[in-house]
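If you want the building blocks of each chain, they are given just below.
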Amino acid sequence: SLTPTSAKLKGLKVTDPQGALKNVVAEIGDKAKAIVVLSQLGKHAADKKMADTVDYPFIWVGDDADLAMDWGITTGKRLHLDGQRLGYYLGRAVISIKTPNPGFYSQKVIGENKHLLEGMEKALAATKTPANREKIEKRIAAFKAAQTLEAPAGASEFDHEAIALSQEKYGKANAVTEMIAKEKERIKSAAIGKGAKH
């Protein structure tokens, strides 16, 4: 588990997360198909930056107060999943890990990416102005370079979803139910209040 070095946890020493990551890979990297990282860095961008420092198949579970991911995101050999902060959602991932593991892919994500690409290509076909066509062509090229459109050879398939937690699906109210309801109401009221000022 990666925790910022600023964390103060009684009885537990927190080491530099980047050094800890490299040490774990050096210690067990050749024995594992993938390493699961539970990150407390607090931002998806910080997780990606940290993961980029080591070339290894990671299943990286983190969270971000400002951004929630319904699906996993693949970057090279890494799969980034959202831990869903505040407990409103339960992240569910099914991963079939192959050896050797050159990376991860999702048929669900590939299907969505192809759908988005098709929309951009239709927009390009309908655009006559050279300047606008150039902008769309650049957008398409960037999209193709950044997104998975085909399953990489030998890669491990995953499926991920964020399941909304509800009393109907997951049993009776418990000790935290009222706390969660109050927190949701506080966030909602704060958002409405900010909107009213503009």
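Note: the structure precedes this text.
Computed from a predicted model, the values in this text were never measured in an experiment.

Caption draft 1: Summary view of the pairing of strand β2 (residues 58-62). Most of β2 sits out of view: four of its five residues are buried. Between the parallel pair strand β1 (residues 35-38) and β2, the chain is carried across by helix α2 (residues 44-51), and the sense of this crossover is right-handed. In terms of strand pairing, β2 meets strand β4 (residues 78-82) through four bridges, oriented parallel. Looking at β4, one finds that W60 is bridged to H80.

Caption draft 2: Spotlight on the side chain of N113. Within the element layout of this structure, N113 appears in helix α3 (residues 107-126). Filtering out sequence-adjacent residues up to four positions away, N113 remains in contact with F143, Q147, T148 and L149.

Caption draft 3: Region of the structure containing the sheet that holds strand β6 (residues 104-105). Strand order in the open sheet formed by three strands is β5-β7-β6, with mixed pairing between adjacent strands. With partners counted over all chains shown, the strands left at the sheet margins are β5 (89-96) and β6, one partner each. Note: β6 against strand β7 (residues 156-164), two bridges, orientation parallel. Looking across to β7, one finds that Y105 is bridged to E157.

Caption draft 4: Inspection of the packing of α3 against helix α4 (residues 130-146) at higher detail. The interhelical angle for the contact between α3 and α4, taken along N-to-C directions, is 165 degrees, at an axis separation of 9 Å. If you check the angle between α3 and α4, you find them roughly antiparallel. Crossing handedness for the pair α3 and α4: left-handed. Note on element contacts: α4 touches α3 through R133, I136, E137, R139, I140, F143 and K144, opposite N113, L116, L117, M120, E121, A123, L124 and A125. Here the contact of α3 with α4 is built from residues that sort into nine nonpolar, one polar and five charged.

What counts and how
Residues numbered from 1 in each chain as written. Predicted model: local features only at pLDDT ≥ 70, side-chain atom pairs only at ≥ 80, totals over all residues. Heavy atoms only, no water. Buried < 20%, exposed > 50% of the residue type's maximum accessible area, 1.4 Å probe, protein only. Helix = DSSP H or I, 4+ residues; strand = E, 2+ residues; numbered from the N terminus. Right-handed = clockwise from strand over helix to strand, strands pointing away. Pairing = 2+ DSSP bridges. Contact = heavy atoms within 4.5 Å. Axes fitted to C-alpha atoms, helices over the stretch in contact; angles between N-to-C directions. Parallel < 35°, antiparallel > 145°, perpendicular 65-115°, else oblique. Left-handed = near helix turned anticlockwise from the far one by under 90°. Nonpolar A, V, L, I, M, F, W, Y, C, P; charged D, E, K, R; others polar.

Without other data, these values stay purely geometric and don't point to any function.
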